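Inside the fold
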Amino acid sequence: MKEIRWHGRGGQGAKTASQLLADINLQEGKFVQSFPEYGPERSGAPIRAYNRVSDKKIRVHSGVDEPEVVAVVDPTLLQAASPTEGLSEDGVLLVNTPNSSDEVKDETGFTGKVITIDATKIAEDAGSGYANIPMLGALVAVLGTEYEVAESEVSKALSKKLPEEIVELNLEAFEAGYEKLS
Amino acid sequence: MSKDNKDVLTGHQVVANAMRQVDPDVVAAYPITPQSEIVEYFSQYVADGKVDSEVITVESEHSAMSACVGSAAAGARTMTATASQGLALMMEIVYIAASMRTPIVMTVANRALSGPINIHCDHSDSMAARDSGVIQLYGEDAQEAYEFTLMAQRLAESEDVLLPVMVTLDGFTLTHTAQVAELLPDEAVSEFVGEYDARYPLLDVENPTTQGPFDMPDYYFEHKLQQVEAMENVPARFLQVQEEFNDLSGSNYDGLFETYKLDDADYAVVVLGSTAGTAKVVVDELREKGKKVGLLKPWLFRPFPGEGIKDALVDKEAVGILDRSLSFGSSGPLYLEISSALAEEDRKPRLYNYTYGLGGRDIKEDQIADVFEDLANPDLEDKMRYIGARQ
């Protein structure tokens, strides 16, 4: 079983990305959980969301304390939300930032694997505006998910909520995020 | 027929889908906090024309249950959902729903009661309703909550039962977690729940009835005994409904409680709801190390299946009973039931009451492993123990 933790700020779509990841993992034939950590919900406040992915039925219902992968959607949370908490040195820290992985290592003191991607810029370039989707693209690339499976789930899920042209922009951003890290 | 629709759904969505498939005549609910998203999703289904139910939104949970009682008395298949303070405010009418023998199915997203103000999971809300006369079912995951919501309909409406059924699922832990669930086809559920034919509908003007009147000392007592009798009919009916449901879905329900690696176990925990899932993981881990441990999870809490549970636990060395609510000045509700079930036995296990998870406090695998370690210690004192609380 793999455990993943997302850090974002309220309104940035970390919870949505977590749920999309669960949809994608289901299509791969996995068992999944996706859940946010709830406090008072406010736009801009740091939030965490979690994924569990397993080949077997997931029975555990505790919180995730020791994730193997951490995805940070908002770079300011490197300081504000202790995203390396519980992350072992074998784990992966994926950060949305224009900075290099060495700079993030310096900033966080984390000595394991750090991957950086400027997801905010990718989203701006694509015109979708939300960094969560290119971050999701990057994350599924890191996890080794097949692109077509992931893309079709993202497309399906976003199409339920968004008009077609916005879905297209997001898919572009998703692909760019994936390409960056595959 | 098999389940053909695997999806990633939250507990809220799963229960809302169960309600959609049951297609009740009326859903009366209070539409804002402390309501869960169940009613929100269901209202969306109604607005989208996916279900024909009448949704009555009211100004309080007290009114929600009152409208449910009125609707059910009129002869309509009636459902509602609530949580936490909402159930507390409903409570007066929950007793009335049970005593008027209205087969209302309600889901409760288990959450703490104030105060202090808290929105997170524990079982204080539904445990406060345990003496109200409603049947109570506790689900371990979204799938069980879904399946119990469907079975509840049949159980509630059984001729010799006619009681409200409360289906609970852990707030946040299950309601807000997206997980893999398999829904049955709509037509299959339709066929399973069937048409509801109320026995004495108030709206049947050809055969007028009086419902909910004043009841003096000369008959009140007997009417209460009729509720006792109805409760006594529940276990057999529940088993029958399970059997039919298994035929339909390929599920394996076979009792009033579930046992997990319990038969040859020396040490056992008893726990309701989602924590049973976490505890099963711990049982597996300890079994791999050669420890003889097991678990018992009541599906049915009201009526309490004491006789069967007694037989399942009586030969154990020690049993830890995990309660997610308090009864101040006494032991936890689950502990009291188990302790009472074993009271007459000459030889019985050592029993310990562990309170855990109040107000959403997380419970971890290693904490449950510690319980099993405790149980193996014959000199363990302090019958009342609190998991993970600062003391």
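Being a predicted model, the structure only gives us computed values, none of them experimental.

**A few points about the environment of Leu380(B)**
All names here are of chain B. Tracing the backbone through its elements, the reader meets Leu380 in the loop between helix H13 (365–375) and strand S15 (384–386). Given the relative accessible area of 13%, Leu380 is considered buried. When neighbours within four sequence positions are excluded, Leu380 is seen to be in contact with Tyr352, Tyr354, Asp374, Leu375 and Arg385.

**What about the domain arrangement of chain B?**
All names here are of chain B. Assigned domains within chain B: domain 1 (5–249) and domain 2 (257–386). Using C-alpha coordinates to define each centre, domain 1 is positioned 28 Å away from domain 2. The partner domain 2 presents 24 residues to the 27 residues of domain 1 that form the contact. Of the roughly 1,900 Å² buried between domain 1 and domain 2, counting both surfaces, carbon and sulfur atoms make up 59%.

**Thoughts on the sheet that holds strand S7 (residues 165–170) of chain B**
Strand pairing within a sheet occurs via backbone hydrogen bonds; the two strands may be parallel or antiparallel. All names here are of chain B. One open sheet accounts for 7 strands, arranged S3-S2-S4-S5-S7-S6-S12; its pairing is mixed. Strand pairing shows two members of the sheet lacking a second neighbour, strand S3 (54–57) and strand S12 (300–302), which therefore form its edges. Across the sheet, the mean angle from the axis of one strand to that of its neighbour is 20 degrees, orientation sign disregarded. Sheet topology note: the strand S2 (residues 26–29)/S3 ladder contains 4 bridges and is parallel. Pairing of Ala28 across the sheet is with Ile56, part of S3. Seen against the sheet, helix H4 (residues 84–99) touches strand S4 (78–83), strand S5 (105–110) and S7 and runs at an angle of roughly 125 degrees to S4.

**Focus on the pairing of S4(B)**
All names here are of chain B. Burial of S4 is extensive: 6 of the 6 residues sit out of reach of the surface. By the alternation rule, side chains of S4 split into Thr78, Thr80 and Thr82 and Met79, Ala81 and Ala83, which are all buried. Where S2 lies against S4, 2 bridges are found, and the strand directions are parallel. Its bridge partner lying in S4, Val27 is registered against Met79. Relative to S5, S4 runs parallel, the two being bridged by 5 bridges. Looking across to S5, one finds that Ala83 is bridged to Ala109. Handedness of the S4-H4-S5 crossover: right-handed.

**Focus: helix H9 (residues 234–249) of chain B**
Residues and elements named next belong to chain B. For H9, which comprises 16 residues, the first-to-last C-alpha distance of 22 Å matches the rise-based estimate of 22 Å (1.5 Å per residue) to within 8%. Structurally, H9 contributes buried residues whose contacts are with strand S6 (135–138), helix H6 (142–157), helix H7 (186–193), helix H8 (220–232) and S12. Just downstream of H9 lies Gly250, where phi reads positive at about 80 degrees.

**Quick notes on a negative patch on the surface**
Negative charge collects at one region of the surface, where Glu164(A), Glu165(A), Glu168(A), Glu172(A), Glu175(A) and Glu179(A) lie side by side. Here Glu179(A) lies in helix H7 (residues 164–181).

**Looking at the pattern of salt bridges**
Side chains carrying opposite charge are able to pair once their charged atoms draw close together. All names here are of chain B. The full count for this structure, using the stated rule, is 29 salt bridges over all chains. Put simply, Glu140 and Lys280 hold a salt bridge, and the shortest N to O gap is 2.7 Å. Note that Glu140 is positioned in the loop between S6 and H6 and Lys280 in helix H10 (residues 275–288), a separation of 140 residues in sequence. Judged on exposure class, the residue Glu140 and its partner Lys280 are both buried. As a salt-bridge pair, Lys280 and Glu258 come within 3.0 Å of each other at their nearest N and O atoms. Pair noted here: Lys280 is in helix H10 and Glu258 is in strand S9 (residues 257–260), with a separation of 22 residues, a long-range link. For the pair Lys280 and Glu258, a shared accessibility class is recorded, and that class is buried. Within this structure, Glu140, Glu144, Glu258, Lys280 and Lys297 form a network of salt bridges that share partners.

**Here's the deal with the sheet that holds strand S1 (residues 2–9) of chain A**
Pairing in this open sheet of 8 strands is mixed, and the strands run S6(A)-S5(A)-S4(A)-S1(A)-S3(A)-S2(A)-S8(B)-S1(B) from one edge to the other. The two strands at the open ends of the sheet, each matched to only one other strand, are strand S6 (113–117) of chain A together with strand S1 (5–10) of chain B. Between one strand axis and the next, the sheet turns by 25 degrees as a mean value, whatever way the strands run. Examined bridge by bridge, strand S2 (residues 31–36) of chain A and strand S3 (residues 46–54) of chain A share 6 bridges and lie antiparallel to one another. Following the sheet pairing, Gln33(A) is matched in S3(A) by Arg52(A). Strands S1, S2 and S3 of chain A together with S1 and strand S8 (178–183) of chain B of the sheet are contacted by helix H1 (residues 14–27) of chain A, whose axis makes an angle of about 5 degrees with S3(A).

Cut-offs applied
- Residues numbered from 1 in each chain as written.
- Chains lettered and ligands numbered in written order.
- Predicted model: local features only at pLDDT ≥ 70, side-chain atom pairs only at ≥ 80, totals over all residues.
- Heavy atoms only, no water.
- Helix = DSSP H or I, 4+ residues; strand = E, 2+ residues; numbered from the N terminus.
- Buried < 20%, exposed > 50% of the residue type's maximum accessible area, 1.4 Å probe, protein only.
- Contact = heavy atoms within 4.5 Å.
- Domains from an automatic or database assignment.
- Buried area = accessible area lost by both parts, 1.4 Å probe.
- Pairing = 2+ DSSP bridges.
- Axes fitted to C-alpha atoms, helices over the stretch in contact; angles between N-to-C directions.
- Right-handed = clockwise from strand over helix to strand, strands pointing away.
- Expected span 1.5 Å × (residues − 1).
- Patch = residues over 30% accessible without salt bridge, like charges linked within 9 Å, V, L, I, M, F, W, Y side chains within 5 Å.
- Areas by Shrake-Rupley, 256 points an atom, 1.4 Å probe, with all protein chains shown as cover.
- Salt bridge = Lys/Arg side-chain N within 4 Å of Asp/Glu carboxyl O.
- Lys, Arg positive; Asp, Glu negative; His and termini not counted.
- Charge placed at Lys NZ, Arg CZ, Asp CG, Glu CD.

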